[in-house]
Amino acid sequence: MPSASTGAPVTAGAAASVPVTVSAPTTVPTAADGADSRMAPGGPGYRRMSFALFLAGVATFALLYSTQALLPLISSDFAVSASRASWTVSAATGGLALFVLPMSALSERFGRRTVMTASLAVAVTVGLLVPFAPSIGALVVLRAVQGAALAGLPASATAYLAEEVRPKALITAIGLFVAGNSVGGMSGRIITGWVAQEWGWRVAVGTIGLIAVGCAVAFRVLLPAPRHFARGSLRPRVLARTVRDHLANPLLCRLYAIGALFMMVFGGVYTVIGYRLGEAPFSLPQGIVGSVFLVYLVGTVSASTAGRLAGRLGRRGSLYLAGATTTAGLLLSLAGSLALVLLGLVLITAGFFAGHAVASSSVSHTAKTGRAQASALYQSAYYIGSSAGSTLGAVAFHAGGWAGTVAMGLFAVLGVVSITLFGSRAARTAARRVPAPAH
């Protein structure tokens, strides 16, 4: 089976030498050059690094989506509609999407660990201010600032992993970071659901802010100092050329679109699900609605096993399977049975996290220079998809109920499949053009 849904090589370990900056690329030693000093499973520092980035992922998603499970309460408190309340989610993800590229440039100059630490520090500080927002407008502004601060995490984390972890372990390492995202998203929603049921949404988001403070401190203590980072330049011309080159790469553009479309489905479903489960025929209390997010554990498993899945099915096969799983989940969620709705959420979550892990690791594998910028462009597209999904999912729910949100999701999955098919065809066409070696 061809290796990539978009024409990428089949194994994550194919890249032997990786330039790590836009202005002064350096080559990391490979097995061919001698001992590879980068981290690998079981080796020195790998466990600390994995746990540190796992905690960063927990904090990022817990903060980023801290209001998502609370939207019905926020709607009631400020007397606004679901679509208006959804901006507390869209503003955060939109802020992240807008600032991820500039923050990745700062990480080229000042270092991945420094930028990630500063980003978490600002984000948790804003998180402690969010509970005191006096109006829906002020809440949306604070959430936008928080999202912009968190922009320093995703692209810098994947660039750090690409530089510090051996290629064969890259998908697994990124999968663990994504797994941290799923745990953060799950725990944040469950905690806010139960806390809000007793003390209101303001205490709930304040609790998440305190948890994120602990994660941020542990992250900074545990993360090993980078050994393969080469300081780059902040020159706008160099950055613009790197971004232009990435956007001119058809494979990278397809991966960016795939990430955005997967996240559009996920953002739309989880923005609206609280409203659906809180209304007839389910009429679940806030604490139980928050507990529904336990299905994120499925995402933790699917993200952390994405490397093995890609090894068996190839990236193309993995993305097809992720799309099919997400589609099945969307259709099941239309049922009037709570058990079937929950099963649908399980499948949607598993499909999304598997697809995201494969697509994001493919970006890191494909980009040979300016990896932080390549990852930043993926994260920007990904969170634009989240913002669009949160807003469009709420609008579709207002217009057509849950069926409207599902229709939006199915349209996005159709886009993933179409892009994958196009990429596979392009890869086969390119392979036929390669002349056979002379004998």
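Since the structure is predicted, the reported quantities are computational estimates derived from the model, not experimental observations.

In this section: the overall build of the protein. A count of helical and extended segments in the protein gives 16 helices and zero strands. Taking all 439 residues of the protein together, 59% fall into the buried category. Taking all contacts inside the protein whose residues are at least 6 apart in sequence as the whole, residues at least 24 apart take part in 82%.

Once that is clear, we can look at the packing of aromatic side chains. Using the criterion set out here, one finds ten aromatic pairs in the structure. Arranged with centres 4.7 Å apart and planes meeting at 55 degrees, the rings of Phe266 and Tyr270 form a pair that is tilted. Here Phe266 pairs with Tyr270, and both are found in helix α11 (residues 250–278), just four residues apart, close to one helical turn. Taken as a pair, Phe266 and Tyr270 share a single burial class, namely buried. Ring pairs connect the aromatic residues Phe266, Tyr270, Phe352, Phe353, Tyr378, Tyr382 and Tyr383, which therefore count as one cluster. Positioned above the aromatic ring of Phe110, the side-chain terminus of Arg109 is 5.7 Å from the ring centre.

In this section: helix α16 (residues 371–433). In this model, α16 (63 residues) spans only 28 Å end to end at C-alpha, well below the 93 Å of a helix rising 1.5 Å per residue. Maximal helix bending in α16 amounts to about 140 degrees, located at Gly400.

On inspection of all chains with the given rule, the structure shows two salt bridges. In this structure, Asp77 engages Arg202 in a salt bridge whose closest nitrogen and oxygen atoms are separated by 3.7 Å. Of this pair, Asp77 sits in helix α2 (residues 71–78) while Arg202 sits in helix α9 (residues 201–222), and the two are 125 residues apart along the sequence. Judged by relative accessible area, Asp77 falls into the partly exposed class, the value being 43%. Between Arg112 and Glu163 there is a salt bridge whose closest N-O contact spans 2.3 Å. Taken together, the residues span a long stretch of sequence, with Arg112 in helix α5 (residues 112–129) and Glu163 in helix α7 (residues 154–164) at a distance of 51 residues. Judged by its relative accessible area of 0%, Arg112 is buried.

Look at helix α15 (residues 338–366) against α16: their axes get within 8 Å of each other, and the N-to-C directions meet at 150 degrees. As far as their axial angle goes, α16 and α15 are roughly antiparallel. Both α15 and α16 take part in a crossing whose hand is right-handed. Where α15 abuts α16, its residues Phe352, His356, Ala359, Ser360, Val363, Ser364 and His365 lie against Arg371, Ala374, Ser375, Tyr378 and Tyr382. Residue composition of the contact of α15 with α16, grouped by class: six nonpolar, five polar and one charged.

Residues Arg235, Arg237, Arg241 and Arg244 make up a contiguous surface patch of positive charge. As for its placement among the helices and strands, Arg241 is situated in helix α10 (residues 236–247). Note on Arg241: relative accessible area 38%, which makes it partly exposed.

Counting across every chain of the model gives three cavities of 30 Å³ or more. For the largest cavity, the calculated volume is near 80 Å³. Lining the largest cavity are 13 residues, with Pro154, Phe177, Asn181, His356 and Gln379 positioned closest to its centre. Going through the elements one at a time, α1 (46–64), α7, α8 (170–199), α15 and α16 are the ones with two or more residues in the lining of the largest cavity. Per-element tally for the lining of the largest cavity: the top contributor is α8, with four residues.

Another point: the side chain of Thr349. Position of Thr349 among the secondary structure elements: in helix α15. Beyond its immediate sequence surroundings of up to four residues, Thr349 is in contact with Phe266, Tyr270, Val295, Tyr296, Gly299 and Ser302.

Judged by nonpolar contacts, the single largest core of 121 residues is most densely connected at Met49, Leu53, Leu161 and Tyr270. Tallying contributions element by element places α11 first for this core, with 18 residues. Excluding residues within four positions of it along the chain, Leu161 makes contact with Met49, Leu53, Leu170, Ala173, Ile174 and Phe177.

One can find His246 in helix α10. Residue contacts for His246: discarding those within four places in its chain leaves Leu252, Cys253, Tyr256, Ala367, Thr369, Gly370, Gln373, Ala374 and Leu377.

Now for the environment of Ala56. Residue position: Ala56 is located in helix α1. Residues contacting Ala56, with those up to four places away along its chain left out, are Leu153, Phe177 and Phe219.

We now examine the confidence of the model for the protein. Low-confidence regions, as indicated by low pLDDT, have predicted coordinates that should not be scrutinised in detail. For the protein, the average pLDDT comes to 82, and 89% of its residues sit at 70 or higher. Low pLDDT, under 50, characterises residues 1–34; the predicted model gives this stretch 101 contacts beyond four residues in sequence or across chains.

Turning our eyes to something else, we now look at α9. With 22 residues, α9 should cover 32 Å at 1.5 Å per step; its first-to-last C-alpha distance of 32 Å lies within 8% of that length. All of the buried residues in α9 are Trp201, Ala204, Val205, Gly206, Ile208, Gly209, Ala212, Cys215, Ala216 and Phe219.

Cis geometry is found at the peptide bond from Ala280 to Pro281, where omega equals 10 degrees. Following the sequence through the fold, Pro281 ends up in the loop between α11 and α12 (286–291). The phi dihedral of Ala79 falls on the positive side, at around 55 degrees, and the residue is not glycine. Along the chain, Ala79 turns up in the loop between α2 and α3 (82–85).

Rules of the game
- Within each chain, residues carry numbers counting from 1 in the order of the written sequence.
- Where local features are concerned, this predicted model is filtered to residues with pLDDT of at least 70; where side-chain atom pairs are given and counted, the filter is 80 or more; whole-chain, interface and lining totals use all residues.
- Side-chain metrics rest on all non-hydrogen atoms present in the structure, leaving aside hydrogens and water.
- Per the convention used, a helix needs a DSSP run of H or I reaching at least four residues, while a strand needs a run of E reaching at least two, with both numbered from the N terminus.
- Only protein chains enter the accessibility calculation, which uses a 1.4 Å probe; a residue is then buried when its area is under 20% of its type maximum, exposed when over 50%, and partly exposed in between.
- Contact between two residues is taken to exist if any of their heavy atoms lie within 4.5 Å; hydrogens are not considered.
- Each pair of aromatic rings taken from Phe, Tyr and Trp, with Trp reduced to its six-membered ring, is defined by centres within 6.5 Å and is described as stacked if the planes are under 30 degrees apart, edge-to-face if over 60, and tilted in the remaining cases.
- Remark: a charge is flagged as sitting over a ring if the NZ atom of Lys or the CZ atom of Arg is within 6 Å of the ring centre and within 35 degrees of the ring normal.
- Here, expected helix span is obtained from the residue count minus one, scaled by 1.5 Å.
- The angle separating two fitted axes, one through the seven residues that finish at a residue and one through the seven that start at it, defines the bend at that residue.
- When a carboxyl oxygen of Asp or Glu lies within 4 Å of a side-chain nitrogen of Lys or Arg, that pair is called a salt bridge.
- In this description, a line fitted to the C-alpha atoms serves as the axis of each element, helices being fitted only across the stretch in contact, and the angle between N-to-C directions of two axes falls anywhere from 0 to 180 degrees.
- We call two directions roughly parallel when the angle between them is under 35 degrees, roughly antiparallel when it is over 145, roughly perpendicular when it lies between 65 and 115, and oblique otherwise.
- Handedness of a helix crossing follows the sense of rotation of the near helix relative to the far helix, less than a right angle counterclockwise being left-handed and clockwise being right-handed.
- Residues are sorted three ways: Asp, Glu, Lys and Arg are charged, Ala, Val, Leu, Ile, Met, Phe, Trp, Tyr, Cys and Pro are nonpolar, and all the rest, Gly among them, are polar.
- Note that patches include only residues with greater than 30% relative accessible area and no salt bridge, and the join distances are 9 Å for like charges and 5 Å for nonpolar side chains (Val, Leu, Ile, Met, Phe, Trp, Tyr).
- Only the protein chains shown count as cover for residues, with accessible areas throughout obtained via the Shrake-Rupley method and a probe of 1.4 Å.
- The charge count treats Lys and Arg as positive and Asp and Glu as negative. His and the chain ends do not count.
- Each charge is placed at NZ for Lys, CZ for Arg, CG for Asp and CD for Glu.
- Detection works on a 1 Å grid of protein atoms alone, calling trapped sets that fit a 1.4 Å probe cavities and calling open sets with protein on both sides within 12 Å along at least five of seven lines pockets, with lining residues defined by an atom within 4 Å of a point.
- Grid points are joined across faces, edges and corners, and a volume is the space filled by probe spheres set on the points.
- Nine residue types can take part in a nonpolar core, namely buried Ala, Val, Leu, Ile, Met, Phe, Trp, Tyr and Cys, and a core is a set of them joined through side-chain atoms within 4.5 Å.
- Across the chain, each position has a pLDDT score giving the predictor's confidence in that residue, from 0 to 100.

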